[in-house]
Every structure is written in C-alpha cells, then in structure tokens.
Amino acid sequence: MILKKLYQLCFEIQERTWGGIVVLVTQNDGNMDFYKILKLKWTVVCLFTLLTLTLMACHEVPSEKNNFQENENKNKIESENQEIVVTSEDLLLPEMGALVQETAKSLVKNQIEVFTVAGLVDAVQNAPENGEIFLQPGNYQLEKPIILNRNVTIRSISSEKVTVECATDLCVFMIRGGAPKLKNLTIISRGKSEYDNAVFVENGTLEMNGCTLISDYGYGIHVCTKNARAKVDSCVVKSCGCCGIRAASNASGEFTDCEISNNPTGVLVADFAELKFKNCNIHDNPRLGIAIGMNGHGRFQNCVISRTEGVNVFVINEGEATLLQCHISDGQKGGVVVDKGGKGTFHDNTLENNVFEEHERNWSIHPTAGHVTGSNNNPPLKRWFVPASENE
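Residues numbered from 1 in each chain as written. Predicted model: local features only at pLDDT ≥ 70, side-chain atom pairs only at ≥ 80, totals over all residues. Heavy atoms only, no water.

(A) Representation of the pairing of strand S13 (residues 228-233) within the structure. Residues of S13 alternate between two faces, with Ala228, Ala230 and Val232 buried on one and Arg229, Lys231 and Asp233 left unburied on the opposite face. With six bridges joining them, strand S10 (residues 197-209) and S13 adopt parallel strand pairing. Note that in S13 the partner of asparagine 209 across the bridge is aspartate 233. Two elements, S13 and strand S16 (residues 252-256), share five bridges in a ladder whose sense is parallel. The partner of valine 232 across the bridge, within S16, is phenylalanine 255. (Buried < 20%, exposed > 50% of the residue type's maximum accessible area, 1.4 Å probe, protein only. Helix = DSSP H or I, 4+ residues; strand = E, 2+ residues; numbered from the N terminus. Pairing = 2+ DSSP bridges.)

Set out below in structure tokens:
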C-alpha cells in the first residue's frame, strides 16, 4: 500500500515536470520541435525511474521470517486458557541478553576466594585487572613479599580477623604500580631492620581502608618517590619499631580517620614529601608525635595530637607544618616546637598541658625559625626570647 502511494506521487511529479518543460520549450522557440521534446521526454522518464527505484530501496519490506514471527505471536495471544509467562530474557534483545551473560561471567571471574598462602600467591599472580581477592579468616604467613603492580583488591571476606604477615626482608606488601586496594586486613612485618615495612609504596596509588599495620622493626607505611601516593581511611598504625608513617622523596598521601599510636615517632615527613591528615588521632608515641623536616610538608586538620614523651609537633630544617583546628596536649617536652629553619601556619588550635622541665611549653618558636604565622590559637603563639608584647 505504501509503495503504491509512493509510485502515484512520483507519477504526478513526472507529469507536472513534463508539462512545465513543454511550455518552456514552446515559449523559447515559438514552435514545438519534436526532436527536442522527445529528448527532454526521455530525460524526465529516466529521472522518474531513478526516483522510484530509490524510494523502493529505502522502503523496508517485511520478510517472510518477520511475517511468520508475527503470526506466531498472534496465535499465542489468541490461545484460550493458556498461561503466558514472561521472563527477563524475553524483554531483552538478543544482543542485550548476550551482554548480560558476559557481564555475569566477568563478575564471577573477577572474584577469587582464598583459603591458603599458596592460594593467595596464585590469586595475586593471576587476578585480572580490577579483580577482587577475598581472604577467608586466618593467619597467612608469607615466605616473601606480595608485589602489587595493577588494579586489584585484596580484602577480608567477613568481619573476622585476617592477618597477613611476612618475616623476610623489605615488606609484606610492595606497591609498584597501578591502583591496588587493601581492605580490612591486619598486616604485620616481622623483619629485623628499619626498612622492613608492613606496606611499602614505591610507585602507583595505594588505597587502604579498615586495616591495622604493624612492623616489629620498620615502618607501618613507607611512601617513597614522586610517583608514590597513599590514600588511607579508617586504619590503625601501631607498635612499629621505627616510625608509624614515613613519607620522603616527593611522595604524597592523604590520611582520614586514622589512629597512629605506640610508635617511637608517629609521623615523619621529609625530602619534599607532602602528607595530609584529617580527623586523625596521633597519641602515645614515645619520641615524637609528628616530625617534619628537610622541605617536607605536613597538613593536619581537626586532629588530636597528645601524650608524647617528647614533643608533640616538631618542625626543623625547612620543614613546614600546617595545623588547623587541632587539639595538642600532654607533650612532655613541648606542644609545638618550630626549630631552626622550620616554618608553620597555625590557626584555631587548642594547646594544653604541654610542659618542659616542669614549665609550660605549649609553643616554642626558635628565633632562627622561618616564617611562622597564626591566629585564634589558645593560647596564642609564643616565641623564645621574645617579649610578651610582641607575641600574638
């Protein structure tokens, strides 16, 4: 029916076009030249034929297969007393169904459940990009470090404790590329030197959530080199032999809602590295709570820094500290000490019960310190050997 209407339309166009050409030839020559009219007639017929064929080609003619399918569907609908069950597959085009099946296979393939050390080692070596490795509860004692260099997640399968420890040199987990993730694990280094870390980030970006990090002799987390970055949330770094968290060599990191305790030094930032802490609790670290030097920069916001046998915050040798809305208390050798060449920005902080040789020492800004500024601190900034009238 549609094709017939298209043909009638083309025929009408031909007749009108032909009439216009005859009038045009008559007007120009004054008489009707049969040869010219015949030649123009063939031109119009050719154009008409081409237009018709084009419209026919563009018109989709239902195939016998489609007609058969339509009849089948019609018969199903007209069947009496027959229950019709529609599944999710019936609502998908074949291409969509294949995509759903492939996605389901991909999800299963990307998830690996592990029960043994051998299974963990094998899973790390063979896990696909963006794969997830689930560890059953237990203690996984490694013979050598786990090296991660691509996007893979290692996590506990439940809320029960999963411990991964290693007694060899270097570390338990070594990050050498990609963006791996560690979740809900207790990671312990049993090595015998300060370089034996629970986690060592050499390259790439590590994300950690809900982990506990311990190193008998070394660092809990060591982030080193300019291409190394750590993003840590809700983790505990404790009982490390050297330092809880160390960053150097232009490395960077962000720590949120973490607890750092019972390490000789809680946080060490040096050599142009930059670390940011927010809502963290840094306490009971015997030597220093925070140490910043050698052009390192540490930024602490809304953190609690307390109960250090030495100085809570110590800045020296071109190091720079930024403290915002922090509570700093019970430092046995001082609250905030900015020594030779150190720099600092301090706003809206509260300092209390920081002493040195039985004298209050909340602030100690050395005369040779670099640029130090602050406001709304309680008590105000106080410098060594500077009259009270010149203090904040």
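So much for the structure itself; the text now carries on.
(B) Seen up close, the nonpolar core. If you look at the biggest cluster of nonpolar residues, it comprises 70 residues, and the most contacted ones within it are Ile133, Leu135, Phe173, Leu182, Val199, Phe277 and Phe300. The contact partners of isoleucine 133, leaving out residues within four places of it in the chain, are Ile112, Val114, Leu120, Ala123, Val124, Ala127, Val152, Thr153, Ile154 and Arg155. Membership of the second largest hydrophobic core comes to five residues, among which are Leu288, Ala291, Val311 and Phe314. (Core = buried A, V, L, I, M, F, W, Y, C linked by side-chain atoms within 4.5 Å. Contact = heavy atoms within 4.5 Å.)

(C) Quick peek at the side chain of histidine 222. With respect to the element layout, histidine 222 can be found in strand S12 (residues 219-224). Given the relative accessible area of 7%, histidine 222 is considered buried. Apart from residues no more than four positions distant in its own chain, histidine 222 is found in contact with Asn197, Val199, Phe200, Val201 and Arg246.

(D) Inspection of the packing of aromatic side chains at higher detail. In total, this model carries three aromatic pairs according to the counting rule given. Ring geometry for phenylalanine 255 versus phenylalanine 277: centroids 4.8 Å apart, planes at 10°, classification stacked. With phenylalanine 255 in strand S16 and phenylalanine 277 in strand S19 (residues 274-278), this pair connects stretches of sequence that are 22 residues apart. Of the two residues, phenylalanine 255 and phenylalanine 277, both sit in the buried class. The side chain of arginine 361 reaches across the aromatic face of phenylalanine 356, ending 4.5 Å from its centre. (Phe/Tyr/Trp six-rings, centres within 6.5 Å; stacked < 30°, edge-to-face > 60°. Lys NZ or Arg CZ within 6 Å of the ring centre and 35° of its normal.)

(E) Representation of the sheet that holds strand S11 (residues 212-215). Here we have 10 strands laid out as an open sheet, ordered S3-S6-S9-S11-S14-S17-S20-S23-S26-S29, and parallel in their pairing. The outermost strands of the open sheet, each flanked by one partner alone, are strand S3 (138-142) and strand S29 (350-352). Along the sheet, successive strands turn relative to each other by an average axial angle of 10°, direction set aside. Across four bridges, strand S6 (residues 162-166) lies against strand S9 (residues 186-189) in parallel orientation. (Axes fitted to C-alpha atoms, helices over the stretch in contact; angles between N-to-C directions.)

(F) Focus on the pattern of salt bridges. Taken as a whole and assessed by the stated rule, the structure comprises six salt bridges. A salt bridge links arginine 190 to glutamate 165; the shortest N-O distance between them is 3.3 Å. Placement of the pair is arginine 190 in the loop between S9 and S10 and glutamate 165 in strand S6, with a sequence separation of 25 residues. Of the residues examined, glutamate 165 reaches a relative accessible area of 12% and is grouped as buried. Taking the shortest distance from any N to any O, the salt bridge between glutamate 202 and arginine 176 comes out at 3.0 Å. On the criterion of sequence distance, the pair formed by glutamate 202 in strand S10 and arginine 176 in strand S7 (residues 171-176) is long-range, its members being 26 residues apart. (Salt bridge = Lys/Arg side-chain N within 4 Å of Asp/Glu carboxyl O.)

(G) Inspection of helix H5 (residues 117-126) at higher detail. What H5 keeps buried is the set Leu120, Ala123 and Val124. Summarising the axial view, the buried residues of H5 lie within an arc of 100°, below the 170-degree limit, and thus occupy one face. Residues Ala118, Gln125 and Asn126 are exposed on H5 and point more than 90 degrees away from its buried face. (Arc of directions from axis to C-beta.)

(H) Unusual backbone geometry, seen in detail. The omega angle of the peptide bond from asparagine 378 to proline 379 is 0°, so this bond is cis rather than trans. Turning to its location among the elements, proline 379 is positioned in the segment after strand S33 (372-375). The phi torsion at asparagine 130 lies on the positive side, around 65°, for a residue other than glycine. As for its position among the elements, asparagine 130 is in the loop between H5 and strand S2 (131-135).

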